[in-house]
Amino acid sequence: MSTPASTAAPGGAAAEVVRLRALDSCAISDALDTLGLPGAVTGLKPMWPAGRVMAGVVRTVKAAPKSAAGPATHIATPLVAVADPDDVVVIDNHGRTDVSCWGGLLAEAAVQRGVAGVIVDGACRDVQDCESVDLPLFARTAVPVSARGRIVQEDMDVPIQVRGVRVNSGDLVIADRNGVAFVARAEIGRVLDLAERIAARELAMARAVRSGRDVIDVMHDSQFPTITAEAVP
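Throughout this document, residue positions are counted from 1 along each chain, in the order its sequence is written. Reporting in this predicted model follows two pLDDT cut-offs: at least 70 for local features of residues, and 80 or more for side-chain atom pairs to be given and counted; totals over whole chains, interfaces and linings ignore these cut-offs and use all residues. With hydrogens and water set aside, each side-chain value is computed from the structure's full complement of heavy atoms.

1. Description of the overall build of the protein
What the protein contains, in helices and strands, is 7 helices and 13 strands. In this scheme, a residue with accessible area under 20% of its type's maximum is buried, one over 50% is exposed, and one in between is partly exposed, where area comes from a 1.4 Å probe on protein chains only. With 233 residues in all, the protein has 46% of them scored as buried. When contacts within the protein are restricted to residue pairs at least 6 apart in sequence, long-range pairs at least 24 apart make up 77% of them. All accessible areas in this document rest on Shrake-Rupley with a 1.4 Å probe, and a residue is counted as covered only by the protein chains that are shown. Here the protein displays about 10600 Å² of accessible surface, and carbon together with sulfur accounts for 52% of that area. Helix and strand assignments follow DSSP, with helices taken as H or I runs no shorter than four residues and strands as E runs no shorter than two, numbered in order from the N terminus. By definition in these notes, contact holds between two residues if any of their heavy atoms fall within 4.5 Å.

2. Comments concerning the nonpolar core
Put simply, a nonpolar core is a bunch of buried Ala, Val, Leu, Ile, Met, Phe, Trp, Tyr and Cys residues held in one set by side-chain atoms that sit within 4.5 Å of each other. Of all hydrophobic cores here, the largest spans 29 residues; its most connected members are Ile75, Ala76, Val89, Ile91, Trp102, Val120 and Leu137. The set of elements that each furnish at least two residues to this core consists of strand 3 (54-65), helix 3 (77-82), strand 4 (87-92), helix 4 (104-113), strand 5 (117-121), helix 5 (127-132), strand 7 (137-139) and strand 9 (151-156). Counting residues in hydrophobic clusters, the runner-up holds 23 residues, among them Val17, Leu35, Ala181 and Leu192.

3. Overview of the packing of helix 2 (residues 25-35) against helix 6 (residues 188-210)
Close contact between helix 2 and helix 6 brings their axes to 8 Å; oriented N to C, the two are set at 120°. Of the two possible hands of crossing, helix 2 and helix 6 adopt the one that is right-handed. Contact residues: Ala27, Ile28, Asp30, Ala31, Leu32, Thr34 and Leu35 in helix 2; Arg190, Val191, Leu192, Leu194, Ala195, Ile198 and Glu202 in helix 6. Amino acids are sorted into nonpolar (Ala, Val, Leu, Ile, Met, Phe, Trp, Tyr, Cys and Pro), charged (Asp, Glu, Lys and Arg) and polar (every other residue, Gly among them). When the residues that make up the contact of helix 2 with helix 6 are grouped by side-chain class, the tally is 10 nonpolar, 1 polar and 3 charged. Helix axes are fitted only over the stretch in contact, all axes being lines through C-alpha atoms; the angle between N-to-C directions runs from 0 to 180 degrees. Note: crossing handedness is left-handed where the near helix turns anticlockwise from the far helix by less than a right angle, and right-handed where it turns clockwise.

4. Focus: the environment of Ile198
Note that Ile198 resides in helix 6. Through-space distance from the C-alpha of Ile198 to that of Thr226 is 8.4 Å; in sequence the pair is 28 residues apart. Among all residues touching Ile198, those that are not within four sequence positions of it are Ala27, Asp30, Ala31, Thr34 and Ile227.

5. A closer look at the pattern of salt bridges
Every case where a carboxyl oxygen of Asp or Glu lies within 4 Å of a side-chain nitrogen of Lys or Arg is listed as a salt bridge. The tally for this structure, following the rule as stated, stands at 11 salt bridges. Note that Arg59 is salt-bridged to Asp157, the shortest N-O span being 2.7 Å. You can see Arg59 sitting in strand 3 and its partner Asp157 sitting in the loop between strand 9 and strand 10 (160-162), a full 98 residues away along the chain. Across this residue pair, the class does not change: Arg59 and Asp157 are buried. The salt bridge involving Arg190 is made with Glu187; its shortest N-O contact spans 2.6 Å. For Glu187, a relative accessible area of 21% gives the class partly exposed. Several salt bridges converge on common partners, so that one network encompasses Arg19, Asp193 and Glu196.

6. A closer look at the pairing of strand 9
Here strand 9 lies mainly inside the structure; 5 of its 6 residues are buried. Any two strands between which DSSP finds at least two bridges are classified as paired. Pairing of strand 3 with strand 9, which is carried by 5 bridges, proceeds in the antiparallel orientation. In the sheet register, Ala64 faces strand 9, and the bridge partner there is Val152.

7. Structural notes on helix 4
Buried within helix 4 we find Gly104, Leu106, Ala107 and Ala110. Burial along helix 4 is one-sided: seen end-on, the buried residues are contained in an arc of 150°. For helix 4, the exposed residues set more than 90 degrees away from the buried face come down to Leu105 and Gln112. In this structure, the buried residues of helix 4 make contact with helix 3 and helix 5. The reported arc concerns the directions from the helix axis to the C-beta atoms and nothing else.

What follows is the structure, given as structure tokens:
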């Protein structure tokens, strides 16, 4: 098993998490598109309506089918045991929807550690337990089938794939009712700068429409120029 990555606001991540939470996944997705970067994923949805933006620092878990000769580590328990506030547990179960890899007991332990949320490329269960402890949970679906005897943790804090996007511990992630978007750690500064400009432009356009201006005029007005990557370092 890999050594857990440092999670105590690596490289100033605490401030970046605050900035992420002031945005939404659409603004981040638009910024990623403008910069030609991967990160926004489809097919993952909130399992209960948290009503807020979830953002934090990625900690990865890779799941695998249980075998007689293989490891028997219960999925995500070693990571949750050492998680820091603002960590987001991201589990790669290869998109499987026939078995859960996150449940109520893990949720109880996660909130005790200050985990910001959980993202599962696969299925989860005990959604009501996650809601009762106010832990945002995103997955492909929910099923009642337990992981016990079926899948185990293969590794943690290693590169994983989530819906075709490569994700590493230390990356940043934002998730809300629109979906999930990952941002590589090395790109977070310019993605945030651009996303904040995009959000400010859209707010100004919305205010113009509320003031009575025709939406066609607003959409084509040079007062609201399209945000490009040219001015982003």
